[in-house]
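Observations on chain architecture
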Amino acid sequence: MAATTQSMPEQNLDIVTLFEKRRLEVIKEKRAMNILFAACFLAALVASIYISNFYPEKLLSGLPRIFEYFGTIMPALEFDKLFLGIQANGKATSGSIAYWYSDFWLYIRLIIETIFMALTATILGALAAFILCFPASRNLAPNSTIYWFSRRFMEICRGVPEILYALIFVFAVGIGPLAGGLAIAIHTAGALGKLFSEVNENTSMRAVEGIRGLGGNWFEEIRYGIVPQVLPNFTSYTLLRFEINIRASSIVGFVGAGGIGQELSRVISLYSDDRVTAVLLLIIIVVTIIDLLSERVRMKFIGKESFQ
Amino acid sequence: MTTLNTQALSNDDIACIRQQYPLVFKNNKSRIINLSLIILLIAYISASLWYFEIWRLLDASDRVWRLIKAMFIWQDMANWQYANIYKGIAQTLAMAFLGTLLASIFALMLGFMAARNTMPYMLFRQLIRRFLDILRGVDQLVWGLVFVRAVGLGPLAGVLAIFVSDTGTLAKLYSEAIENVDRKQVEGVHATGAGSLKVVRYGYLPQILPLFISQSLYFFESSTRGATVLGLVGAGGIGMIIIERFRANMFDQVAFVVLNVLICIYIIDWISARIRNYLIAKDKTTFAR
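This report concerns the structure included in the present document. Computed from a predicted structure; not experimentally measured.

Further remarks concern the overall build of chain A. In terms of helices and strands, chain A carries 11 helices and 0 strands. Its helices and strands in sequence order give chain A the pattern α-α-α-α-α-α-α-α-α-α-α, from N to C terminus. In chain A, which comprises 308 residues, the proportion classed as buried is 42%. Counting only contacts in chain A whose residues sit at least 6 apart along the sequence, the fraction spanning at least 24 positions is 69%. Taken as a whole, chain A presents about 17600 Å² of accessible surface, with 67% of it coming from carbon and sulfur.

Moving on: the packing of aromatic side chains. How two aromatic rings sit relative to each other is set out by the distance from centre to centre and by the angle between their planes. In this structure the tally under the stated criterion is 25 aromatic pairs over all chains. Taken together, a centroid distance of 5.8 Å and an interplanar angle of 85 degrees make the contact between F112(B) and Y204(B) edge-to-face. Here F112(B), found in helix α6 (residues 82-114), pairs with Y204(B), found in helix α11 (residues 196-230); they are 92 residues apart in sequence, far enough to count as distant. Grouping residues by exposure puts F112(B) and Y204(B) together as buried. Three or more aromatic residues joined by ring pairs form one cluster here, namely Y69(A), F70(A), W143(B) and F147(B). The ring of Y202(B) has R201(B) sitting right over it, with the charged end atom 4.6 Å from the ring centre. Its end group placed over the ring of Y218(B), R276(B) keeps NZ or CZ at 3.9 Å from the ring centre.

It is worth spelling out the environment of L293(A) at this point. Residue and element names in this part refer to chain A. Tracing the backbone shows L293 in helix α11 (residues 274-307). Of the residues examined, L293 reaches a relative accessible area of 53% and is grouped as exposed. Taking C-alpha positions, L293 is 9.7 Å from E243, a pair spaced 50 residues apart along the chain.

Moving on to the interface of chain A and chain B. Interface size is commonly expressed as the accessible surface area that is lost when the partners come together. Each side of the interface is counted separately: chain A has 59 residues, and chain B has 58 residues. A buried area of about 5200 Å², summed over both sides, lies between chain A and chain B, and 79% of it is on carbon and sulfur atoms. When residues of chain A are sorted by the area they lose upon contact with chain B, F54(A), F171(A) and L178(A) head the list and together hold 14% of the total. Where chain A meets chain B, there are 0 salt bridges. Scanning the region where chain A abuts chain B turns up 8 residue pairs in polar contact (both at pLDDT 80 or more). If you list the elements that add at least two residues to the side of chain A that touches chain B, you get α1 (8-51), α2 (56-72), α4 (104-133), α6 (162-173), α7 (177-201), α9 (218-249), α10 (260-270) and α11 of chain A. Looking at the side of chain A that touches chain B, the element that brings in the most residues is α1(A), giving 12 residues. By residue class, the composition of the side of chain A that touches chain B is 40 nonpolar, 11 polar and 8 charged.

Together, L259(B), I263(B), Y266(B), I267(B), W270(B) and I271(B) line one region of the surface with nonpolar side chains, adding up to about 650 Å² of accessible area. Looking at the element boundaries, I263(B) is found in helix α13 (residues 251-288).

This next bit is on helix α9 (residues 155-179) of chain B. Each turn of an α-helix holds 3.6 residues, which means side chains three or four residues apart point in the same direction. In this model α9(B) runs 35 Å from its N-terminal to its C-terminal C-alpha over 25 residues, within 8% of the 36 Å that 1.5 Å per residue would give. The largest bend in α9(B) amounts to roughly 30 degrees and is located at T167(B).

The next point concerns the packing of α7(A) against α9(A). Residues and elements named next belong to chain A. Closest axis-to-axis distance for the α7/α9 pair is 10 Å, and the angle between their directions is 150 degrees. Crossing hand, α7 versus α9: right-handed. Across the interface between the two elements, I184, H187, T188, A191, L192, L195, F196, V199 and N200 from α7 touch I226, V230, N233, F234, Y237, T238, R241, N245, A248 and S249 from α9.

Below, the discussion takes up the environment of L259(B). Note that L259(B) resides in helix α13. Residues L259(B) and M240(B) lie 19 residues apart in sequence; the distance between their C-alpha atoms is 16 Å.

When two helices pack together, their arrangement is given by the angle between the helix axes and by the axis-to-axis distance. For the pair α10(A) and helix α8 (residues 140-151) of chain B, interaxial distance at closest approach is 9 Å and the crossing angle is 15 degrees. Classed by the angle they form, the pair α10(A) and α8(B) counts as roughly parallel. Along this stretch, α10(A) crosses α8(B), giving a crossing that reads as right-handed. Mapping the contact onto sequence places L264(A), S265(A), I268(A), S269(A) and L270(A) in α10(A) and V142(B), L145(B), V146(B) and R149(B) in α8(B). Among the residues making up the contact of α10(A) with α8(B), the classes are represented as 6 nonpolar, 2 polar and 1 charged.

Before going further, it helps to spend a moment on the pattern of salt bridges. Any two side chains of opposite charge can pair if their charged atoms end up close together. All names here are of chain B. Overall, the coordinates contain 19 salt bridges over all chains when judged by the stated rule. A salt bridge links R245 to E244; the nearest nitrogen and oxygen atoms lie 3.3 Å apart. Where salt bridges share partners, they join R130, D133 and R136 into one cluster.

About the cut-offs
- Residues numbered from 1 in each chain as written.
- Chains lettered and ligands numbered in written order.
- Predicted model: local features only at pLDDT ≥ 70, side-chain atom pairs only at ≥ 80, totals over all residues.
- Heavy atoms only, no water.
- Helix = DSSP H or I, 4+ residues; strand = E, 2+ residues; numbered from the N terminus.
- Buried < 20%, exposed > 50% of the residue type's maximum accessible area, 1.4 Å probe, protein only.
- Contact = heavy atoms within 4.5 Å.
- Areas by Shrake-Rupley, 256 points an atom, 1.4 Å probe, with all protein chains shown as cover.
- Phe/Tyr/Trp six-rings, centres within 6.5 Å; stacked < 30°, edge-to-face > 60°.
- Lys NZ or Arg CZ within 6 Å of the ring centre and 35° of its normal.
- Buried area = accessible area lost by both parts, 1.4 Å probe.
- Salt bridge = Lys/Arg side-chain N within 4 Å of Asp/Glu carboxyl O.
- Polar contact = N/O pair within 3.5 Å; in protein donor to acceptor, adjacent residues only side chain to side chain.
- Nonpolar A, V, L, I, M, F, W, Y, C, P; charged D, E, K, R; others polar.
- Patch = residues over 30% accessible without salt bridge, like charges linked within 9 Å, V, L, I, M, F, W, Y side chains within 5 Å.
- Expected span 1.5 Å × (residues − 1).
- Bend = angle between axes of the 7 residues up to and from the residue.
- Axes fitted to C-alpha atoms, helices over the stretch in contact; angles between N-to-C directions.
- Left-handed = near helix turned anticlockwise from the far one by under 90°.
- Parallel < 35°, antiparallel > 145°, perpendicular 65-115°, else oblique.

Read these as geometric descriptors, not functional statements.
Put into structure tokens, the structure is as follows:
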């Protein structure tokens, strides 16, 4: 090569110019890509501002109203009257907690209904997902037609939001927690079924092959080969889903499907006073408590299984 | 073959093995626990279904048939106001885009305020974190309802609802990412005498940018799903069209709209997965260079 005959400084210079050339090329390439991305981004921004009428003056005129609204739904608590109970004539003192939460027992009943709805929906959905997930895993499906159909079925179940299912069930079976429970159960079946089948696809197939070698049929392969491997994971996914379902069941009431959501929607649309914050605060507290408890249980399950 | 096996393992042998490995074989205690758990489960399910009045499912068959029939047999397709429907879908996408964009900008700032290594004042940090907890604890749909009351029906309420609930979640994710950055780069920039803004720009931002972009894209996807149902409470977008048609018993149109929305969400998933892959792959090559 010619480079061997050249002196050292010239060679260095050559490498430096090469480097600079390459660097300029890379920078140019990158800049072109960045400009393209920026142009796409700007176009999307302008289009979405135009379509959704999100103009600054509209936002500015709306902003004070937002703060005004949040001001009106705050409870008017007075410090010296805070813990005054219900008076002899059956009315609570204005400014006390008892006045703020005058419908407390109604809220508690609805919250218990919400929790029951979420629990039932989680159990039913998990059972359906448990049945669906084996034909929907690539390594366990008896044939490709069953695999394809169970996959598509689960996609439909989880693709449609639960509140839309709730809307449909309210039309079909009437207002009440049954509609909400069924809607959440269907969504849960789809979402959990996908997670379960992913767990199945990651299992070791040795146990299945052993059982097949002993002459076991498909059900026995699943029952003794796969289920013992996947049960701890299934349990923790189901608990995680329960947390999500608690949130979901607190809002399906918006379309009349039972639970605290019905009361929340009524209170927000009819009144703008401290009742809104009363219900909201209660929901936040319950959701947080259940999250913490379920996290504890989940850790216990996983911990126990990994130590065995 | 089978006779040989039974000869090789007599009943005594089995009993012996059972005694040696009690955990492998089911003993009576675990059997009773399992049985009682199953009975408890069945009892709970039947009790709750009874409380929910499960028999209403049987009474409903007439309406269910009408519903299912209308969903599969589409009538009068010429007069369906397609322009209206697709405008609603475009509005949903626009709401999700604007909401997520605003949320990721605000969440980045709040993330720095909520991270332990960038916000030394404990009280202020805890205040920001509790505030974010409240934003996250309330569902997007509830925010939608609240903002509809505050600013009226329409997409503005939807954008605000997505903005508020995404800010809560994204800020938490960003603050965790900021807490996990490599200290060395930050200290290096600091040592050159850069001001705090430059430390953020050259010390922190390059490290959290990939996560920032990929999380924002994820949230754009999930906000699109969220924006579909926000319309059910009147916060603009396709949900308003869905509930309008549903109330008017035009179930065939509802089925058509939902199908369109699902296809749209599928396309967005696909595109954003592509963008994420491209950005992450690009990031890796620059790192290797």
